[in-house]
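Chain by chain, the residues run as shown.
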Amino acid sequence: MSESKFAKRSNSSQEQVSGATVIAQALKTQDVKYMFGVVGIPVTEIAVAAQQLGIRYVGMRNEQAACYAASAVGYLTGRPGVCLVVSGPGLVHALGGMANANMNCWPLLVIGGSSERSQETMGAFQEFPQVEACRLYSKFSVRPSCIEAIPSIIEKAVRSSIYGRPGACYIDIPADFVNVTANGNSIKYVERCLPPPVSMAETTAVRRAAAVIRNAKQPLLIIGKGAAYAQAEEAIRKLVERCKLPFLPTPMGKGVVPDNHPNCVAAARSRALQFADVIMLFGARLNWILHFGLPPRYRPDVKFIQIDICAEELGNNVRPAVTLLGDVSAVTKQLLEQFDKTPWEYPPESNWWKSLREKMKSNTAASQELASKKSLPMNYYTVFYRVQEQLPRDCVIVSEGANTMDIGRTVLQNYLPRHRLDAGTFGTMGVGLGFAIAAALVAKDRNPGQRVICVEGDSAFGFSGMEVETICRYNLPIILLVVNNNGIYQGIDTNSWKELLKFGDATTVVPPMCLLPNSRYEQVMTAFGGKGYFVQTPAELQDSLKQSLAETTKPSLINIMIEPQAMRKSQVLHPLSPVWQAPLSLPLKNPLPCGITV
């Protein structure tokens, strides 16, 4: 290996460096800026060494949330964040975050301490087959053979996390590596790995794709999370506007082209999917979020054009008319060249556009009618329309929950790319606070003053609610909105709860989806020094949000009470329609053993 690949050695051949210092310096050399974790034996010294070199360390309350935060940094910056965990249970807790990162295709580096090598197979403290376990959750899982190997291993892990389809990588650090020292002159720090190479699609395939689009009667572009990660916003917007094409963003594709763009047909999503005859996918997968590309959600004869950086993704679930393997931004520019050579635009007054606009108008009217209802408790639409009125244009929106996330996505607008984070491809609940912490840290460095709005269902908030302490400890500019319906999907009110308890113990009579009514989640925030608000009316919501946005020195939590059985507006061909989405009724005169009928 040539000397040019390595950074300078330590100046003094007599200098002794610890394994923790070598790890931290190797991460610094690879331009890693953020580390999240829960310290303990044997990794505390690694966190200290990282801080001494200027890497931001955020101590979390749970390894899973730390892993979510580190992966979100990877998505937002293109360079992996680090999740630092202790051995055994600490690493196991992080596996959920690793799986989520892999499913979302986000760069992530997990560094886990492990038991000393001399104690392997002896029943060492928290001994666990960590390297083997992580192979199921990562692209690359390895233990360095010696301290001197650490820099090259870290460079390969960072490179693997961002090259090709991004994902999680794991490095195992035995406890005896952390404090043992080595001659500094023997350590070679590998230079920062280059950004991923940009690949382009075959020219003949690009020409075929352009021809298919030109011949479409009812075209549709679907903009996915992969387009946001590829920073393809400029090229895709040019294509949309040059060719006058309707587009539909996936949840985290929102903002690549602004939601308020006249060509956005998100308000007519079902109709757009069901009747389009040509659909071009920009970094979007035909998985459950897009109903696998199959009827009845789509026409049986629909033609798909897939753009993806991963060859294995092309052709999943349906056979595409054209496949374009390459970087989303680069391939979009190739398409633009075709339309530069032979200009073409889709007729703005076509029957297809007329049909989409009519559906958008009727759906928007239905949502606004729900939002205008003055009855209390409030419904989802009342809440989200009031929130949308006040949100800063450049805020980052983090969202998770069931109806909270689904309805919020249709009302809360994104105008900039990579400004929405949610449960994602894996449908993971509990990501919200970790994602919000990551977004707030990145915002502090890149755009001081930018606000992070974290919209949580009450159930979703419970997964990682203690991270409120983390938010307050680091004084992060986060506003938490907990949309509280007393349950998972649906809950019941206080009176119904009391009536149920007359028939027996809560474990036998309270429906499994119900949570304690009127829980005061805002007091979790005030307990740690932030601002908390308990709101029940639209006016209280607007006032509390206005105060929270004006408050720049403290994070806040607004606990928003809504109708326990509030629902989304009726859907046609709903992709996930579990039985518990039906309204709950209380058979108080003749209760069943469970106390509820569905």
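Residues numbered from 1 in each chain as written. Predicted model: local features only at pLDDT ≥ 70, side-chain atom pairs only at ≥ 80, totals over all residues. Heavy atoms only, no water.

(A) Main features of the pattern of salt bridges. Overall, the coordinates contain 22 salt bridges when judged by the stated rule. Between R143 and D172 there is a salt bridge; the shortest N-O distance is 3.0 Å. Taken together, the positions of R143 in the loop between β6 (140-142) and α6 (150-162) and D172 in strand β7 (residues 168-174) put the pair 29 residues apart, joining distant regions of the chain. R420 serves as the salt-bridge partner of D422, at 3.0 Å between the closest nitrogen and oxygen. (Salt bridge = Lys/Arg side-chain N within 4 Å of Asp/Glu carboxyl O. Helix = DSSP H or I, 4+ residues; strand = E, 2+ residues; numbered from the N terminus.)

(B) Spotlight on the sheet that holds β6. The parallel open sheet is built from six strands, whose spatial order is β3-β2-β4-β5-β7-β6. The two strands at the open ends of the sheet, each matched to only one other strand, are β3 (56-59) and β6. Between one strand and the next, the sheet's axes are offset by a mean angle of 20°, whatever the strand orientation. By the bridge criterion, four bridges tie strand β2 (residues 34-37) to β3 in an arrangement that is parallel. Bridge pairing links G37 to G59 in β3. On top of the sheet, helix α1 (residues 19-29) reaches β2, β4 (81-85), β5 (108-114) and β7; it is set at about 175° to β5, its chief contact. On top of the sheet, α6 reaches β5, β6 and β7; it is set at about 160° to β7, its chief contact. (Pairing = 2+ DSSP bridges. Axes fitted to C-alpha atoms, helices over the stretch in contact; angles between N-to-C directions. Contact = heavy atoms within 4.5 Å.)

(C) Main features of the packing of aromatic side chains. Summed over the entire model, instances satisfying the criterion amount to eight aromatic pairs. Ring centres of Y75 and Y229 lie 6.4 Å apart, and the angle between their planes is 20°; on these two criteria the pair is classed as stacked. Of the two residues, Y75 is situated in helix α3 (residues 63-77) and Y229 in helix α9 (residues 225-229); the sequence distance between them amounts to 154 residues. Look at Y75 and you get buried, because its relative accessible area is 1%. Ring pairs connect the aromatic residues Y68, Y75, W106, Y229 and F435, which therefore count as one cluster. Between R393 and the ring centre of Y415, over which it is positioned, the NZ or CZ distance is 4.1 Å. Positioned above the aromatic ring of F534, the side-chain terminus of R520 is 3.9 Å from the ring centre. (Phe/Tyr/Trp six-rings, centres within 6.5 Å; stacked < 30°, edge-to-face > 60°. Buried < 20%, exposed > 50% of the residue type's maximum accessible area, 1.4 Å probe, protein only. Lys NZ or Arg CZ within 6 Å of the ring centre and 35° of its normal.)

(D) Broad picture of helix α8 (residues 203-214). Its twelve residues place the ends of α8 17 Å apart at the C-alpha level, agreeing with the 16 Å of an ideal helix rising 1.5 Å per residue. For α8, the complete set of buried residues consists of A205, V206, A209, A210, V212 and I213. Looking straight down α8, one finds its buried side chains confined to an arc of 160°; they lie on one side. Each element contacted by the buried residues of α8 is listed here: β11 (278-282), β12 (303-308), β13 (322-325) and α12 (328-341). (Expected span 1.5 Å × (residues − 1). Arc of directions from axis to C-beta.)

(E) Focus on the environment of I309. Mapping I309 onto the fold places it in the loop between β12 and β13. I309 sits in the partly exposed class, given a relative accessible area of 36%. Separated by 143 residues in the primary sequence, I309 and P166 place their C-alpha atoms 9.8 Å from one another. Residues in contact with I309, not counting those within four places in the same chain, are G164, R165, L325 and G326.

(F) Up close: the pairing of strand β14 (residues 396-400). Most of β14 sits out of view: five of its five residues are buried. Neither face of β14 is open: one carries V396, V398 and E400, the other I397 and S399, and all of them are buried. As judged from the five bridges shared by β14 and strand β16 (residues 452-457), these two strands associate in the parallel manner. Within the sheet, the bridge partner assigned to I397 lies in β16 and is I453. As paired strands, β14 and strand β15 (residues 420-421) are joined by two bridges and run parallel to one another.

(G) Molecular detail of a nonpolar patch on the surface. A cluster of nonpolar side chains, contributed by W288, F292 and L294, occupies part of the molecular surface with about 270 Å² of accessible area. Within the fold, F292 resides in the loop between β11 and β12. The partly exposed category is assigned to F292, whose relative accessible area is 39%. (Patch = residues over 30% accessible without salt bridge, like charges linked within 9 Å, V, L, I, M, F, W, Y side chains within 5 Å. Areas by Shrake-Rupley, 256 points an atom, 1.4 Å probe, with all protein chains shown as cover.)

(H) Structural view of the layout of surface pockets. There is about 890 Å³ of room inside the second largest pocket. Taken together, 42 residues make up the lining of the second largest pocket; nearest its centre are P166, G226, Y229, A230 and I309. Broken down by secondary-structure element, the contributors of at least two residues to the lining of the second largest pocket are α3 and α9. Of the residues assigned to the lining of the second largest pocket, the class counts are 19 nonpolar, 14 polar and nine charged. (1 Å grid on protein atoms, 1.4 Å probe; cavity = no way out; pocket = protein on both sides within 12 Å on 5 of 7 lines; lining within 4 Å. Points joined across faces, edges and corners; volume = space filled by probe spheres on them. Nonpolar A, V, L, I, M, F, W, Y, C, P; charged D, E, K, R; others polar.)

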